[in-house]
Amino acid sequence: PHSDVPDDSTLRLVVLTAAKFYSKQETRFAFEEVMEYVKNNGQKPRHKGNRLIFLAADHGALARLKDSLRAALAWGSIVKDLEEHRLNLDVLQAQQAKKDLATAEAALPSVVRECFKWLLCPVQHTATGRPEVEAFALNTSGSSLGSELARVCMENELVIEAWSPIHLRNTLKGLYWKDDRSTVSANTFWEDSQKYLYLPRLKERRVLEQAILKGAASTDFFGTAFG
């Protein structure tokens, strides 16, 4: 439940239950669940919803996943009954049961990986726009899940690992620097980036620090405050 997902500055991957599956024909279950997590932390409102991205099951692959789970559980039950002497089988049958259990359990990781293939990302394209959820298909073969998640996040700029001071300056000019306000605290921007979906999802605070340092080294980007 969203009450168990901490509301802090850590970037987190939330794996949705299979009941909140995603399909291109039916997006409502997954998308509504994503926004529920973004908005709420138990009985309290969530303040750092821009630190969450989500992994959802593919509706078309759920049947195979359930069949694989049933097979593994069934063979596991048989083997347990054998070990606890509640079931009598000859030696060959017992060996076959254990072999079938091992085969069923060995198949599960790849079946789960093929099922949980959708990366869902909450976004808001403008400060006044409506929050949305975008879906990205993961490649379920080849690299590890962690590597594939990182690739999709980086290529689609869902998570920013390195940020140009040009983009920082443009964001400040568009949203913060006004006629009556020419400065903004770096900490204020960092806190806002964790809260608002229309701001970039920086991987960590260090990304902002490096963008500021690079920008401050040149007079082309923004002024530097001394104190």
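No experiment lies behind these values; they were computed from the predicted model shown. Counting starts from 1 at the beginning of each chain's written sequence and moves along it residue by residue. Per-residue local features are limited, in this predicted model, to residues with pLDDT of at least 70; the limit for side-chain atom pairs, both in listing and counting, is 80 or more; totals at the level of whole chains, interfaces and linings are taken over all residues. Processing note: side-chain calculations cover all non-hydrogen atoms of the structure and skip hydrogens and water entirely.

Asks: Hey, could you go over the environment of L101 for me, with residue numbers and the actual values?
Replies: Only DSSP runs of H or I covering at least 4 residues are called helices, and only runs of E covering at least 2 are called strands; the numbering of each starts at the N terminus. Within the fold, L101 resides in helix α3 (residues 91–115). The sequence separation of L101 and I78 amounts to 23 residues, and the corresponding C-alpha distance is 8.9 Å. The contact criterion used throughout is that any non-hydrogen atoms of two residues lie within 4.5 Å. If near-sequence neighbours (up to four positions away) are discounted, L101 is found in contact with A72, W75, G76 and V79.

Asks: Give me the sheet that holds strand β6 (residues 132–137): which residues, what numbers.
Replies: Any two strands with at least two DSSP-identified bridges between them are counted as paired. Ordered by their spatial adjacency, four strands build an open sheet running β1-β4-β5-β6, and the pairing between neighbours is mixed. Of all strands in the sheet, those bounded by a partner on one side alone are β1 (12–15) and β6. When the angles between neighbouring strand axes are averaged without regard to direction, this sheet yields 30°. Direction of pairing for strand β5 (residues 118–123) relative to β6: antiparallel, over a ladder of six bridges. Looking at β6, one finds that P122 is bridged to V133. Sitting on the sheet, helix α1 (residues 28–39) is in contact with β1, β4 (52–56), β5 and β6, with an inclination near 55° to β5. Structural elements are reduced to axes, namely lines fitted to C-alpha atoms, with helices fitted over the stretch in contact, and the angle between N-to-C directions of any two is expressed from 0 to 180 degrees.

Function-wise, these values are silent; they only describe arrangement.
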